[in-house]
Structure formats: structure tokens, C-alpha cells
Amino acid sequence: MVPNDSSAVVVSLEDQFQAKIDAEIRIEPKDWMPDAYRKTLLRQISQHAHSEIVGMLPEGVWITRAPSLKRKQILMAKVQDEAGHGLYLYAAAETLGMERDEMYEELHSGKAKYSSIFNYPSISWADVGAIGWLVDGAAILNQIPLCRNSYGPYARAMVRICKEESFHQRQGFEVLLVLANGSPEQRAMAQDAVNRWYWPSVMMFGPSDGESTHSEQSMRWKIKRFSNDELRQRFIDMVAEQIKVLGLEHPDPQLKWNEERGHYDFGPIDWDEFWNVVKGNGPCNRERLETRKKAWDEGAWVREAATAYAEKKQQRAAQTEKSPAKAA
Ligand code: BYC
């Protein structure tokens, strides 16, 4: 029997959509997609874009205080890369039908989230090293699987982002390596930064699988390829080995290799701290949003000038088309 009610037609479209996902066929902007898929992607991609833009702030404050011209150049390039990542991601989110201004409005009003990690202060030069090594290191582990996510524009944006994150992690590690092998004060500074950034980086992967509201559906849609806890474990295993090269103490006294699991066991994660930061009560949440809003307000004249220039160019082009001889 041919289904004659519209809900049956939608169900069949959803089946076809899931079959495409299961066959690893990418979904492109003009393809049919369930509204919930579009909403989930918009939420995740816009949050990701906001994280890149807000993420420029903790390191950005060290550009003027970098210890040498070379360090300043490297840090400036890294922070600019993060701005670029934000722009690719906003562009990917726009393909799902939301205007960029609306996304900014959601960030500025506190409606949209961004990564919890950027609500911690960067109080010494060693923090630049710890952010590069730990935060970008966590980001790479989370983002490499995103290069294979089911939505074309998001997956393609992630390829370049991952290449750049890889350079970021190395520069952070190298900053810490120099400090860890420097004077006792420099070594202490490196240890202190690693102690402060380690647990917030472990939390970056999101709530544990049992508490993760979106994971199950996002894995079915192949937006996520691994669960929050799987990626977190990879990060813990990676850091446990790399910290040996730095010769610093591991911030988790309960960290222990588990032969049977083939992974490191680790101490308890302070989930109260995580949710407190996510809800807007971390050490720098208010400061970060105020800085972004101020940058938006103060940049109004640049947006107006760019719009006026684009209009003028369009008018000139239209005139040339109408009367080429006069325009020449
Ligand atoms: N912070 O169901 P769940 C960078 C929220 S920036 C805040 O597991 P999902 C860099 C989550 O949104 C890289 N909130 O969610 C830049 C959800 O709340 P809503 C940033 C978090 O989406 C500059 C609720 O908790 N990377 O690399 O399935 C300098 C339940 O969670 C967090 C990305 O954005 C958090 N950490 O999984 C240096 C990667 N975690 O939305 C470096 C893309 C969870 O229902 N995003 N929440 O209100 C993802 O991969 C996923 O969205 C997550 C969370 C793994 C983060």
C-alpha cells in the first residue's frame, strides 16, 4: 500500500538519509536532512567556531609580553590561525541556514556555549606552552575524527584546522621543554602551568558517556565517531608518555598504567567544577564575554565601512555593464 499521510513520507526520507550515512556518503547543504540533524550540527559547529574565537583570548594577552621577537611572531601566527579556524567554521555553519550575525548574537547573549577550557586565566608565559601542548593536544584528538564526520562542509573545514593544530601543539610542547630545562624558577613555572591546565583539558572532552545527552544520536549520524570517554582516555594516555620527555611531575597522583586494559587509570574528575564553568561561573566567563562584546561594538565601523565599499563596488560594476563607454 502506498503511504498517503505525510508522516510516512518523512519516515521514509529519514530511512534514506540514515542509509546514506551508513554507506559513508557525505551529506551536503542542499541534500534533504532531518531537522534534528541540522540543529545538532548548527549547535556543535557554532559552539566550535565560538571556541576558536574566544580561545584567542587567553594566549592573545601574551603577544605583547612574549619573551623574544621569535616567540612573539610564533604566538601571533598561532592566534591568527585560531581566528581563521573560527571563520571556516562560521562559514560551514552558515550553510545550514543561520546568519553569522545571529550566531554572534547567541554567543554575546550567553545562549550559545563555547569550550569550558577558555574560562581559565593564563597567568604566566608557561601557560602559553601548556595551552599549546595540552589544549591544542586535546583539540587534535577530538578533531581528527571530525575530518570524517558526515556533513561535508564541516568535515572539509576540519582537515586544514587539524594540520594547523598539529603545529600549535608542537610549539606549546617546545615552549615547555625550554622552560623545563631552564632555571629552577622556569622549571617551577612550567610545572605550575601544567598543574593548572591539565584537569581542565581532561574535562574539555565533555561529560562522561553516561551523562552525555547528544553522544548516542550524534554517533548514529556519524557527526561523532568516538565517545567523550574514549577520546579522553586517548588524551590521558598520550600526555602520560609525553610528560616523561618534559621531565615534569604528572599532575595526577593516581595515574597508573593498567596492563590489563592497556591504558592508564586516572584519578577522579571534578565534574562539579566542569558544570560550574559550563554554566557561566568559571574564573573568566564574564571577562571573556565582555571582551568579545567590546570587540564586536568597537568593530562596528569596520563592518559598516566594508559594507559601504562592497555596495560602491557593486554600483560601479552595474554602471559599467549599462554604459561601458561612459565608465571607461
Ligand atoms: N565546554 O552531550 P554532550 C581549540 C556541553 S577550540 C562547554 O557530550 P556533544 C582551540 C555540550 O555542548 C576546540 N560545554 O555534547 C582554540 C552539551 O550542552 P548543550 C573546541 C560543553 O556536543 C583556541 C552538554 O555539555 N572544540 O581547539 O555531543 C586556542 C552535554 O554534552 C563541553 C570543539 O568545539 C565543554 N568542554 O559533545 C587553542 C569540538 N563539553 O549544547 C585551541 C567540537 C560538553 O546541549 N565539538 N559541553 O547545551 C565536539 O566535539 C562536541 O560538541 C563535544 C561535546 C565533544 C565538545
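A. Examining the overall build of the chain more closely. Looking only at helices and strands, the chain features 14 helices and 2 strands. Each principal axis of the C-alpha distribution contributes one length, and for the chain these read about 75 × 65 × 30 Å. Evaluated residue by residue, the chain yields a buried proportion of 47% over its 328 residues. Across the chain, contacts joining residues at least 24 apart in sequence account for 75% of those joining residues at least 6 apart. About 17500 Å² of surface is accessible on the chain, with carbon and sulfur atoms providing 55% of the total. Side chains of the chain give 42 positive and 47 negative charges; the mean places of these two sets differ by 6 Å.

B. The site of the ligand, seen in detail. What surrounds the ligand is a group of 36 residues, the closest being Lys113, Ser212, His214, Lys224 and Asn228. Taking Glu165, its side chain carries an N or O atom lying 3.4 Å from an oxygen atom of the ligand. At 2.7 Å from an oxygen atom of the ligand is found a side-chain nitrogen or oxygen belonging to Ser212. For the ligand, whose unbound accessible area comes to 1000 Å², protein coverage reaches 91%. Within the residue set of the shell around the ligand, elements represented by two or more residues are helix 2 (35-54), helix 4 (69-94), helix 6 (125-143), helix 7 (152-180) and helix 11 (271-281). The element that contributes the greatest number of residues to the shell around the ligand is helix 2, accounting for 6 residues.

C. Structural context of the pattern of salt bridges. The tally for this structure, following the rule as stated, stands at 20 salt bridges. Across the pair Lys111 and Glu106 runs a salt bridge whose closest N-O atoms are separated by 3.1 Å. Lys111 gets classed as exposed once you look at its relative accessible area, which sits at 61%. Glu106 sits in the buried class, given a relative accessible area of 17%. Residues joined by salt bridges that share partners form a network here, namely Glu59, Lys78, Glu82 and Asp136.

D. Focus on the environment of Ala308. Tracing the chain through its elements places Ala308 in helix 13 (residues 300-322). In this structure Ala308 comes out as partly exposed when scored by relative accessible area, which is 43%. Along the sequence, Ala308 and Gly247 sit 61 residues apart, while their C-alpha atoms lie 56 Å from each other.

E. Quick look at the environment of Asp31. Among the structural elements, Asp31 can be located in the loop between helix 1 (6-22) and helix 2. The partly exposed category is assigned to Asp31, whose relative accessible area is 25%. Each C-alpha atom of the pair Asp31 and Phe17 lies 9.1 Å from the other, and the pair is 14 residues apart in sequence. Dropping the residues within four chain positions of it, Asp31 is found in contact with Lys20 and Arg26.

F. Spotlight on the environment of Trp275. On the secondary structure map, Trp275 appears in helix 11. Exposure remark for Trp275: the relative accessible area of 32% places this residue in the partly exposed category.

G. Inspection of unusual backbone geometry at higher detail. The backbone of Glu24 shows a phi angle near 65°, a positive value even though the residue is not glycine. Along the chain, Glu24 falls in the loop between helix 1 and helix 2. The backbone of Lys222 sits at a positive phi, close to 60°, despite the residue not being glycine. Mapped onto the fold, Lys222 is located in the loop between helix 9 (215-220) and helix 10 (228-246). On the basis of relative accessibility, which here comes to 17%, the residue Lys222 falls in the buried class.

H. Geometry of the packing of helix 6 against helix 10. It is the contact of helix 6 with helix 10, at a shortest axis distance of 10 Å, that shows an interaxial angle of 140°. Taken together, the axis directions place helix 6 and helix 10 in an arrangement best described as oblique. Like other packed secondary-structure pairs, helix 6 and helix 10 cross with a definite hand, here right-handed. In this structure, helix 6 uses Trp133, Leu134, Gly137, Ala138, Leu141 and Asn142 to contact helix 10, whose residues at the interface are Leu231, Arg234, Phe235, Met238, Val239, Gln242, Ile243 and Leu246. In the contact of helix 6 with helix 10, the residues fall into 10 nonpolar, 3 polar and 1 charged.

I. Molecular detail of the nonpolar core. Counting 79 residues, the largest nonpolar core has Tyr37, Ile45, Trp133, Tyr151 and Phe235 as its most contacted members. Of all the elements, helix 6 adds the most residues to this core, at 10 residues. With residues up to four places along the chain from it excluded, the contact list for Phe235 reads Leu134, Gly137, Ala138, Leu141, Tyr198, Ser201, Val202 and Phe205.

Cut-offs used in this document
Residues numbered from 1 in each chain as written. Predicted model: local features only at pLDDT ≥ 70, side-chain atom pairs only at ≥ 80, totals over all residues. Heavy atoms only, no water. Helix = DSSP H or I, 4+ residues; strand = E, 2+ residues; numbered from the N terminus. Buried < 20%, exposed > 50% of the residue type's maximum accessible area, 1.4 Å probe, protein only. Contact = heavy atoms within 4.5 Å. Areas by Shrake-Rupley, 256 points an atom, 1.4 Å probe, with all protein chains shown as cover. Lys, Arg positive; Asp, Glu negative; His and termini not counted. Charge placed at Lys NZ, Arg CZ, Asp CG, Glu CD. Near = heavy atom within 4 Å. Polar contact = N/O pair within 3.5 Å; in protein donor to acceptor, adjacent residues only side chain to side chain. Salt bridge = Lys/Arg side-chain N within 4 Å of Asp/Glu carboxyl O. Axes fitted to C-alpha atoms, helices over the stretch in contact; angles between N-to-C directions. Parallel < 35°, antiparallel > 145°, perpendicular 65-115°, else oblique. Left-handed = near helix turned anticlockwise from the far one by under 90°. Nonpolar A, V, L, I, M, F, W, Y, C, P; charged D, E, K, R; others polar. Core = buried A, V, L, I, M, F, W, Y, C linked by side-chain atoms within 4.5 Å.

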